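A closer look at the structure
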There are 2 protein chains.
Amino acid sequence: MTMKPIQVGLLGIGTVGSGVFNVLQRNQEEIRRRAGRGIEVAMVADLDVERARSVVGSQARVVADAREVIANPDIDIVIELIGGYGVAKALVLEAIAAGKHVVTANKALLAVHGTEIFAAAAAKGVMVAFEAAVAGGIPIIKALREGLTANRIQWIAGIINGTTNFILSEMRSKGLDFDIVLKEAQRLGYAEADPTFDIEGVDAAHKATIMSAIAFGIPVQFDKAHVEGITKLSAADIRYAEQLGYRIKLLGITKRTDKGVELRVHPSLVPSKRLIANVEGAMNAVVVQADAVGTTLYYGKGAGSEPTASAVIADLVDITRLNTADPEHRVPYLAFQSHTLSEAKDQLPVLPMSEVVTSYYLRLRVADEAGVLAKVTGILAGAGISIDAVLQREADEVGGAATGADGAPAIAQTDLIILTHDTREGTMDAAMAEMQALPTVLAPITRIRKEELA
Amino acid sequence: MTMKPIQVGLLGIGTVGSGVFNVLQRNQEEIRRRAGRGIEVAMVADLDVERARSVVGSQARVVADAREVIANPDIDIVIELIGGYGVAKALVLEAIAAGKHVVTANKALLAVHGTEIFAAAAAKGVMVAFEAAVAGGIPIIKALREGLTANRIQWIAGIINGTTNFILSEMRSKGLDFDIVLKEAQRLGYAEADPTFDIEGVDAAHKATIMSAIAFGIPVQFDKAHVEGITKLSAADIRYAEQLGYRIKLLGITKRTDKGVELRVHPSLVPSKRLIANVEGAMNAVVVQADAVGTTLYYGKGAGSEPTASAVIADLVDITRLNTADPEHRVPYLAFQSHTLSEAKDQLPVLPMSEVVTSYYLRLRVADEAGVLAKVTGILAGAGISIDAVLQREADEVGGAATGADGAPAIAQTDLIILTHDTREGTMDAAMAEMQALPTVLAPITRIRKEELA
């Protein structure tokens, strides 16, 4: 028995869209054998009609207006690859209203408007699939939603932005500063001309927000995420971290605590011996800690044409298979049945950053004189912050701001590095303000969070 | 709307069975929110009725006869956790015949009798799920069957036996020989009293066989697997490998080539910088290379009560969800629709080991005299085998067999280590026989395959 191939409409045929089209063509026989039914891109909408035609040839109808695709009753699934919140949101909602299943790689859209979109889809009984929205080709959404259903998930920590991981890898291996490596990354195509969303942590926060909802059965709440990028990291901190047995990674973290859910993106020290600390270049990896299975890790390419297409097509196959299942028994959008997102007795709030508990790396630029260490550690002790390790560098002579205006000899300075045990962030904020006020602390204190991930 | 919980019958409540029961109890609320329906172990069969009662209390009916569970019309899903080919096979087939869905962790059963079992299940329209059969709690079956459906899979290489990885990790970190570490592993519970299936590679070969079928759309063919364990590995080889930038891991490998499918388990040198080379202790990891997504890696616990239970319960949730899908559109047992396993035009044979192409580490114990290296490399050159690296140790004096019976001075001996480029195994076999026949080669040549995994 051969069923008619499922008909797909593609909105936007840039890098990822071309990948989806090409992989579906190249592997159509294997995909049909797996899905039990052919999957065909029947229509493509792109403002650049010529570019679209050059990709699909005569294999699919090309139109400029995405609404023509949505209005076509033969189209079963719409793939949204436009990106952003504007047009993309309107089109996704229109496709749902038209009774189409939707596949999207748009993490920004889901992290911000996911609740509205999933509610609309539930009302229409259609699926919205988004494996490609988090960690590209790594099937992490599937692992979280289906592979780990037995578990109470405790935390997730992921390298979920390839651009920043490439930059951090280069900074470490070559000892270079951020600005120089960013330019190199832009030249190589690992960073965009406007890299803000990547380097400021926004992209990673979109992805962490989606994983947070799936892991803990809460609505997507991007507005409550703490978002911090890598632009202020110095080569010196990467070097000191390495001397202490750590690497610095930009992690997207979400964690369940008794008080609520932590949701945060920031640079983190990670023990060098952890597998995730050894994920280099533009690769992604996600560590999941869960009560039954323990630690699992998922690694692969987080971006690029065909890796992302791999995730989009996996969604197409899932939808093709689940098309005949009654909607109540499909995999829930956010892992938990929608109606339990609000009713759940144990629904937890997303915590403000001041309530987050983690450990810290602090670097203080201090005058090299007696009593400084005692003052600093005294403040920490007074705040109840326990110290794990101290690294004091030999004094060096620094010019610039430290040189007296009258040409007097430079002040002997040194870097004082402190690793702490777990502390509430609000407590650390107060202690840092106190240390910063010491006259012997000569520059703004650098604070990087530290995750043992064990 | 609340549906009646799905009713599960558990056959065998040892380590894994207890884990399944306990995790289902502990996380029942979250699992219900994910599955859309409660999942209850209603009946347990175990020959040791007392032990079973001590685990389940009054929560489930306990019987000694598994057939009572299968005969119960209220039971929707039967979990087989008995193990082995005998009783387990009969019970699985009887459960299928009775129209029950089956979940099993039994890799031996599926690797050897999978074809028969899946055919019976297809005829009855029931599901047979086996996430726990490969790599314990890691959702690797799901990743291969569903997460990577877009891809033409090229190869899979996995650390899929925790016992042997624990032993190899200990041998390397402590410089100890196999026998000593095996005893330690047995004392710590990482190796069984009769460790044959683990240390001889049989368990890994069962798992590799299942992954091979899923990856390439071929039937399970355990009888064609090349199976080689770790019992002959010496601490010296682990040390030499490390000096050359490699670690030795027991890998289960399956690879698609133009001629057919490679299916093999043996110790392998892996570059130390690869993530999988850094998987230590009893942990498992699987690397998958596929055409669209590139390299992905999946890491976690490969055994143990709750990690295995995590996989079993994920299968229960999947079945609960897919119960209402028409059987044609469920996920196929072996990733590809059953009827295409035999009809596929491109179905590939499993290749004999002599047709496998890989690179090699060779260690030759040779007399430390002029011309030995020339003779050995001459034989390799004659066979068309290209050399990647040579490591010649300083000569050492060895007593024992090398000492003349007349008490003459010992012969100066040395280890000659050669890394080759890719070669057909049959070619290497012939060259090794020729080298072995040299009078200056003083002991059996050690040959370990080498996989770059890139």
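Report on the accompanying structure. Since the structure is predicted, the reported quantities are computational estimates derived from the model, not experimental observations. (Residues numbered from 1 in each chain as written. Chains lettered and ligands numbered in written order. Predicted model: local features only at pLDDT ≥ 70, side-chain atom pairs only at ≥ 80, totals over all residues. Heavy atoms only, no water.)

A few points about the overall build of chain A
- Scanning chain A from N- to C-terminus turns up 16 helices and 18 strands.
- Here the C-alpha atoms of chain A give a radius of gyration of 25 Å, agreeing with the 22 Å that 2.2 N^0.38 yields for 454 residues.
- A burial count over chain A gives 60% of its 454 residues as buried.
- For chain A, the exposed area adds up to about 16400 Å²; of that, 52% sits on carbon and sulfur atoms.
- For chain A, the distance from the average site of its 45 positive side-chain charges to the average site of its 54 negative ones is 4 Å. (Helix = DSSP H or I, 4+ residues; strand = E, 2+ residues; numbered from the N terminus. Rg over C-alpha atoms; globule rule 2.2 N^0.38 Å. Buried < 20%, exposed > 50% of the residue type's maximum accessible area, 1.4 Å probe, protein only. Areas by Shrake-Rupley, 256 points an atom, 1.4 Å probe, with all protein chains shown as cover. Lys, Arg positive; Asp, Glu negative; His and termini not counted. Charge placed at Lys NZ, Arg CZ, Asp CG, Glu CD.)

Brief notes about unusual backbone geometry
- In the Ramachandran plot, A335(A) falls in the positive-phi region, its phi being about 80 degrees despite a non-glycine side chain.
- Its location among the elements puts A335(A) in the loop between α13 (305-322) and α14 (339-343).
- Non-glycine residue A135(B) carries a positive phi angle of around 60 degrees.
- Positionally, A135(B) belongs in the loop between β6 (128-129) and α7 (140-147).

With respect to the interface of chain A and chain B
- Every contact between the two is made by 71 residues of chain A and, on the other side, 71 residues of chain B.
- Across the chain A/chain B interface, buried area totals approximately 5700 Å², and carbon plus sulfur atoms make up 52% of it.
- Ranking the residues of chain A by area buried against chain B places R33(A), R34(A) and H329(A) at the top, with a combined share of 16%.
- Counting the contacts that link chain A with chain B gives 8 salt bridges.
- The salt bridge involving E30(B) is made with R152(A); its shortest N-O contact spans 3.1 Å.
- If you list the elements that add at least two residues to the side of chain A that touches chain B, you get α1 (15-26), α2 (28-35), α7 (140-147), β12 (294-301), α13 and α14 of chain A.
- No other element matches α13(A), which puts 10 residues into the side of chain A that touches chain B.
- Residue composition of the side of chain A that touches chain B, grouped by class: 31 nonpolar, 18 polar and 22 charged.
- In this sheet, strand β12 (residues 294-301) of chain B lies alongside β12(A) in antiparallel orientation, the contact comprising 3 bridges. The residue bridging Y299(A) from the neighbouring strand is L297(B), located in β12(B). (Contact = heavy atoms within 4.5 Å. Buried area = accessible area lost by both parts, 1.4 Å probe. Salt bridge = Lys/Arg side-chain N within 4 Å of Asp/Glu carboxyl O. Nonpolar A, V, L, I, M, F, W, Y, C, P; charged D, E, K, R; others polar. Pairing = 2+ DSSP bridges.)

Quick notes on the pattern of salt bridges
- Tallied over the entire structure, the rule returns 67 salt bridges over all chains.
- Two residues, R172(A) and E242(A), come together in a salt bridge whose shortest N-O distance is 3.3 Å. One end of the pair, R172(A), is in helix α8 (residues 162-174); the other, E242(A), is in helix α12 (residues 235-243), with 70 residues separating them in the sequence.
- Overall, the relative accessible area of 25% leaves R172(A) in the partly exposed class.
- With relative accessibility at 34%, the residue E242(A) sits in the partly exposed group.
- Salt-bridge contacts for E425(A) lead to R449(A); the nearest nitrogen and oxygen are separated by 2.6 Å. With E425(A) in helix α16 (residues 425-436) and R449(A) in strand β18 (residues 446-450), this residue pair connects regions lying 24 residues apart in the sequence. We note that E425(A), like R449(A), is buried.
- The network of salt bridges with common partners includes K142(A), E146(A), D318(A), K142(B), E146(B) and D318(B).

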